[in-house]
Amino acid sequence: MTDSTDLLFSGYRRFREGHWAEAKAEYEALAAEGQTPHTLVIACSDSRADPALIFDAAPGQLFTVRNVANLAPPYAPDGDLHGVSAALEFGVKVLQVRRIVVMGHAHCGGVAAMRGGAPANCRDFLAPWIAQGEPTVRRVAEAVEPDEVEQASEEAVVRLSLDNLRTFPWIAEREAAGELELVGLHFGIADGLLRRLTGAGPFQPLA
C-alpha cells in the first residue's frame, strides 16, 4: 500500500483540502488563544462511535477521553499511572469544562468482554481494565430478560462511570455547587439514536 492508496493518509489529504482549508482561521485562533471546550466526553474507543461526528462538534468544543468501554475509574491518587483521571483533572481544574458526558454505545465489545471474559491473548491490560465493570454487568445480566442483557449492561457501565466520577472530590464539589453537570448517554450505532439517562430512571431518546 502506498501513501496515495492508504485510507488514513487519503483522509488526511481530504481534511487538508476541505475542512482545514475552510476552517483555517478557526484553527489559527485556537492555536493562538488555546482551547476552551465546553464539555469533557468519556467515550469508548470503538471506531463506530466517534463523539466529534455524533455531536457535529467544531474544533475546540470537546475535550475527549476514549478508552475500552467508556470507563471512568474511581478516585485513586496513589501515584500510579492514571490516564483517564489525569484527563479529568486537567479538564475540570485547568480547562474548567461545564459538563462531563459519559457516552456508551450499542454492541460494545468491551462490555461484552465484561459479560464473557477478555480474549485469552489480552490478559496484560484489557482483562484488569474491564474487571472493574464485571460485578455491575453480572448483577444487571441476572436481573433482565436475555434479549435485554446487551443494552442493559451497556447502560449499567455508563451509570457505573458516573458513580465513579462522583468519587472525585473536585468533581462532586462542583456538581453540588451547580458548576458542573454530569450526563449519561447511549448511542445506537444502527439507528443513530442518542438516548439520555434521566436521573434514576431509564435512558430516554433525545428529542
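Shown above is the structure to which this text applies.
None of these values were measured; they are calculated from a predicted model.

Draft legend 1. Quick peek at the pattern of salt bridges. Overall, the coordinates contain 7 salt bridges when judged by the stated rule. The partner of Lys93 in a salt bridge is Glu89, and the shortest N-O contact between them spans 3.3 Å. Pair noted here: Lys93 and Glu89 are both in helix 5 (residues 83-94), with a separation of 4 residues, about one helical turn. Accessibility expressed as a relative area gives 37% for Lys93, which makes it partly exposed. Glu181 is paired through a salt bridge with Arg196; the nearest N and O atoms lie 2.8 Å apart. In this pair, Glu181 is assigned in strand 4 (residues 181-187) and Arg196 in strand 5 (residues 194-197), connecting sequence segments 15 residues apart. Given the relative accessible area of 32%, Glu181 is considered partly exposed. By relative accessible area, which is 32% here, Arg196 ends up partly exposed.

Draft legend 2. Seen up close, the environment of Arg66. The topology assignment puts Arg66 in strand 2 (residues 62-67). Along the backbone, Arg66 and Asp46 are 20 residues apart, and their C-alpha atoms lie at a distance of 8.5 Å. Not counting residues up to four positions away in its chain, the partners in contact with Arg66 are Ala43, Cys44, Ser45, Asp46, Ala49, Asp50 and Pro51. A polar side-chain atom of Arg66 sits 2.8 Å from the main-chain carbonyl oxygen of Cys44.

Draft legend 3. The arrangement of the nonpolar core in detail. Judged by nonpolar contacts, the single largest core of 23 residues is most densely connected at Leu40, Ile42, Leu88, Ile100, Leu165 and Ile171. Of all the secondary structure elements, the ones that give two or more residues to this core are strand 1 (39-44), strand 2, helix 5, strand 3 (99-105), helix 9 (149-165) and helix 10 (169-176). The greatest single-element share of this core, amounting to 4 residues, is contributed by helix 5. For Ile100, the contacting residues outside a window of four places in its chain are Leu40, Ile42, Leu88, Val92, Leu165, Ile171, Leu180, Glu181, Leu182 and Val183.

Draft legend 4. Molecular detail of unusual backbone geometry. Of note, Ala69 is a non-glycine position whose phi angle comes to about 70 degrees, a positive value. As for its placement among the helices and strands, Ala69 is situated in the loop between strand 2 and helix 5. When its relative accessible area of 0% is taken as the criterion, Ala69 is described as buried.

Draft legend 5. Layout of the packing of helix 5 against helix 10. Where helix 5 meets helix 10, the axes come as close as 10 Å, and the angle between the chain directions of the two elements is 40 degrees. Seen along the crossing, helix 5 lies across helix 10 with a hand that is left-handed. From helix 5, Ser85, Leu88, Glu89, Val92 and Lys93 reach across to helix 10, where they touch Trp170, Ile171 and Arg174. Considering only residue class, the contact of helix 5 with helix 10 consists of 4 nonpolar, 1 polar and 3 charged.

Criteria and thresholds
Throughout, residues of each chain are indexed from 1 in the direction in which the sequence is written. For this predicted model, a pLDDT threshold of at least 70 governs which residues receive local features, and a threshold of 80 or more governs which side-chain atom pairs are given and counted, while totals over whole chains, interfaces and linings are taken from all residues. Just so you know, side-chain values use all the structure's heavy atoms and leave hydrogens and water out. Criterion for a salt bridge: a side-chain nitrogen of Lys or Arg within 4 Å of a carboxyl oxygen of Asp or Glu. The numbering of helices and of strands both runs from the N terminus, where a helix is a DSSP run of H or I of at least 4 residues and a strand a run of E of at least 2. Burial classification: accessible surface area is computed with a 1.4 Å probe over protein chains only, and a residue below 20% of its type maximum counts as buried, one above 50% as exposed, and the rest as partly exposed. Throughout, a residue-residue contact means that at least one pair of heavy atoms, one from each residue, lies within 4.5 Å. Counted as a polar contact is a pair of N or O atoms within 3.5 Å, where, for protein atoms, one must be capable of donating a hydrogen and the other of accepting one, and residues adjacent in sequence contribute only when both atoms are in side chains. Buried residues of nine kinds, namely Ala, Val, Leu, Ile, Met, Phe, Trp, Tyr and Cys, make up a nonpolar core once their side-chain atoms join them within 4.5 Å. In this description, a line fitted to the C-alpha atoms serves as the axis of each element, helices being fitted only across the stretch in contact, and the angle between N-to-C directions of two axes falls anywhere from 0 to 180 degrees. What makes a crossing left-handed is the near helix being turned counterclockwise from the far one by less than a right angle; a clockwise turn instead makes it right-handed. For this classification, Asp, Glu, Lys and Arg are treated as charged, while Ala, Val, Leu, Ile, Met, Phe, Trp, Tyr, Cys and Pro are nonpolar and the rest, including Gly, are polar.

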